[in-house]
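Notes for the structure review
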Amino acid sequence: FADFDNDGDTDVFLRAAHGPAHFLFRNEVGAERSWLRVSLEGRASGPEAHGAVVRLVTSAGTLTKVKAGGSGFLSQSDPRLLFGLGDDAAAQSLSVRWPSGREQTFPGPKAGQSIHLVEGEPEWTVVTERRFALPEPEDGTDRALRLTRLTRDRTLPSLGLRPVGGSPVPKLDAGPALVNLWATWCIPCRTEMPELDRLARERGVRVVGLSVDEEASPAELAAFRESVGVSYPLAQVDPKRLGALFPEGRVQVPLTLVLDERGRVVEAFAGWTREARRRLDELYPKG
């Protein structure tokens, strides 16, 4: 727990117990309310002043925080103590009981600032802290593209496309299109591809399917096409070029890309979800 962007509220950083994922949860709840941040420096109590008790008297009562040296297994929260003051413009008073047993009381500091207290010093000092903006949360496209080499507003790399079942080799750098990455071993693809075919037939959407199979023969790809019953053009990505789409061979399908008139990726969907269906209905309305 820490105020990572120094905006006066506590954010949360989470390291997943299994796997490489990290998550930063940005807190915006009550960001317009008053706050006070207190950092401590001990003398007789040791420089970190672990165990110090800080009490802040406010209009709502007395707020108490203890400076701790840890907050769980291999975990450490922000050593600065953050107090919420509601609508108060200042605290009424501030007191510290240091681990050494010394007690000090100070006049109430104004809200919206960070102060530094040194054990035994009669006054605090104001700390200047840089406030900055944390990144915006990922949207659906960011999540869909996260495990690929693709980025927004960029055209697709050269993929060495090979036709499947008599389809012409599609041009992906001319005109808007929906590009669907699929594979014969992908079970969700069997649900998604007929839905994309319906979209192509009923609404005139240009849909292109790109197989990312590495070992399937042309006959096997053509047989798969017949089994799912799609009429839009299909092609196979040259297996040697799969690394241009996915790092370290970690192929992720199904994946549908929305290309603009210049062939640039503007949106992406991972699978046929309700969110994908709703967004495609918005992009390609009936009639």
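Residues numbered from 1 in each chain as written. Predicted model: local features only at pLDDT ≥ 70, side-chain atom pairs only at ≥ 80, totals over all residues. Heavy atoms only, no water.

**With respect to helix α3 (residues 218-228)**
Our working definition: Accessibility here uses a 1.4 Å probe with only protein chains present; expressed as a share of the type maximum, an area under 20% marks a residue as buried, one over 50% as exposed, and anything in between as partly exposed. Secondary structure elements follow DSSP: runs of H or I of four or more residues count as helices, runs of E of two or more count as strands, with numbering from the N terminus. Taking the helix axis as origin, the arc is that swept by the directions to the C-beta atoms.
Among the residues making up α3, those that are buried are L221, F224, R225 and V228. Projected down its long axis, α3 shows its buried positions confined to an angular sector of 100°, all on one face. Seen from the buried face of α3, the exposed residues on the opposite side, beyond 90 degrees, are A219 and E226. Downstream of α3 by one or two residues, G229 has phi in the positive range, about 70°.

**Considering the state of the cysteines**
Applied cut-off: Cysteine sulfur atoms are paired as a disulfide whenever they come within 2.5 Å of each other.
All told, the structure shown has one disulfide when counted by the stated rule. Between the sulfur atoms of C186 and its disulfide mate C189 the distance is 2.3 Å. Its torsion about the S-S bond being 85°, the disulfide of C186 and C189 is classed as right-handed. By relative accessible area, which is 2% here, C186 ends up buried.

**Regarding the packing of aromatic side chains**
This is how the line gets drawn: Between 30 and 60 degrees the pair is tilted, below 30 it is stacked and above 60 it is edge-to-face, where a pair is any two Phe, Tyr or Trp rings, Trp via its six-membered ring, whose centres lie within 6.5 Å. By definition, being over a ring means that NZ of Lys or CZ of Arg is both within 6 Å of the ring centre and within 35 degrees of the ring normal.
The tally for this structure, following the rule as stated, stands at four aromatic pairs. The interplanar angle of 25° and the centroid separation of 6.3 Å between the aromatic rings of F23 and F25 together place this pair among those described as stacked. For F23, a relative accessible area of 40% corresponds to the partly exposed category. The ring of F83 has K65 lying over it, and the distance from NZ or CZ to the ring centre is 5.7 Å.

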